[in-house]
Each structure stands twice: as C-alpha cells, then as structure tokens.
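# Architecture at a glance
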Amino acid sequence: MHPVLRNILAIVLGLVAGSLVNGGIIQISSSVIAPPEGVDVMTAEGLKAGLHLFEPKHFLMPFLAHALGTLFGAFVAAKICAGPKLLYAMIIGFFFLFGGISMIFMVPSPLWFSIVDLTLAYLPMAFLGARLAK
C-alpha cells in the first residue's frame, strides 16, 4: 500500500477506534457508577441542571473514556502508519484534545475536572499509545 494512503488510513482508523472505545465506555458508565438520583445524563440540559449533585466519582468514567479512547486510537494509528509512530499518535491525541476542549463548552463540568481531563487524558495518552505500539 502506498505510504500516503497507509498514513491516511492510520489516522481514520485511529479516530474511529478511539471514538468507539470512548463511546462504549460512556454507554456503560451509568451502569458502573450510577448518576445522582433524578439527573438526566443523556442531555446537556439535564447535566447542567444536576451538576451540583455530582461527586468526584461521577467524573471517573468520563475521564477513563477520554483517556482510554485516546490511548487506543493513538495505538491503532501508530501501529498502522508508515511514518513516525509518535507523530501519528499525537495527531490522534490532538484531534481528541480538540474534542475535549469542545466538550468543555458544550457540557458543564467543574474546573478541576476540566484541568485534569485536558492535561492528562489526551496528549499523555497519545504519547503512551505510541510507546506501546513500538
């Protein structure tokens, strides 16, 4: 396969794989750690209305979804790419970081969670994904 096509495929498959992991963890999160009673976690409005009821444990699954989704996506991209593994893993990390920044503006969260999420869940996990792919 031509290296350019292989690298494009690496990015596309990395994004898809990471998104599937992220979405899968988010889907099961309510059954692992139940949301506070009466909070609708399926809508941004419901989250805004019930955010004051959330405890730190309720932010564990979203963090894991972001971190493991990025890690897996970066790993897939680094395994497939024909170029420097770290570069392609970090491209995935930046895509997911952009998504994380977007989510901060769309879905409410405490400042501490936003800082932890943005600093630990994306670029460090992309770096780790590249290291694991070597």
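Quick note: structure is the one above.
First, a word on scope: everything that follows refers to the structure included in this document. (Residues numbered from 1 in each chain as written. Predicted model: local features only at pLDDT ≥ 70, side-chain atom pairs only at ≥ 80, totals over all residues. Heavy atoms only, no water.)

### Quick word on the overall build of the protein chain
Looking only at helices and strands, the protein chain features six helices and zero strands. Starting at the N terminus and ending at the C terminus, the protein chain contains elements arranged as α-α-α-α-α-α. With the C-alpha coordinates of the protein chain rotated into their principal frame, the extents come out at 55 × 25 × 25 Å. Expressed as a percentage of its 134 residues, the buried residues of the protein chain come to 37%. Within the protein chain, contacts between residues separated by at least 24 positions form 76% of all contacts whose residues are at least 6 apart in sequence. A total of about 7600 Å² of accessible surface is found on the protein chain, and carbon and sulfur atoms cover 75% of it. Side chains of the protein chain carry 7 positive and 5 negative charges; the gap between the two charge centres is 28 Å. (Helix = DSSP H or I, 4+ residues; strand = E, 2+ residues; numbered from the N terminus. Buried < 20%, exposed > 50% of the residue type's maximum accessible area, 1.4 Å probe, protein only. Contact = heavy atoms within 4.5 Å. Areas by Shrake-Rupley, 256 points an atom, 1.4 Å probe, with all protein chains shown as cover. Lys, Arg positive; Asp, Glu negative; His and termini not counted. Charge placed at Lys NZ, Arg CZ, Asp CG, Glu CD.)

### Side note on the nonpolar core
Generally speaking, nonpolar side chains in soluble globular proteins are found buried as a group. Judged by nonpolar contacts, the single largest core of 20 residues is most densely connected at A74, A89, I92 and Y122. Per-element accounting of this core gives the leading share, six residues, to helix α4 (residues 85–106). Not counting residues within four places of it along the chain, the set of residues in contact with A89 comprises A74, A78, A126 and A130. Ranked by size, the runner-up nonpolar core spans five residues in total, among them V39, F54, F59 and F113. (Core = buried A, V, L, I, M, F, W, Y, C linked by side-chain atoms within 4.5 Å.)

### Brief notes about the packing of helix α1 (residues 3–32) against α4
Each pair of packed helices can be described by the angle between their axes along with the distance between the axes. Between α1 and α4, the least distance of the axes is 10 Å, while the angle of their chain directions is 45°. Between α1 and α4, the angle is such that the two are oblique. Where α1 crosses over α4, the two elements pack in a sense that is right-handed. Contacts between α1 and α4 involve N7, I11, G14, L15, G18 and S19 on the former and, on the latter, Y88, I91, I92, F95 and F96. The residue inventory of the contact of α1 with α4, partitioned by class, reads seven nonpolar, four polar and no charged. (Axes fitted to C-alpha atoms, helices over the stretch in contact; angles between N-to-C directions. Parallel < 35°, antiparallel > 145°, perpendicular 65-115°, else oblique. Left-handed = near helix turned anticlockwise from the far one by under 90°. Nonpolar A, V, L, I, M, F, W, Y, C, P; charged D, E, K, R; others polar.)

Honestly, it's all geometry; don't read function into it.
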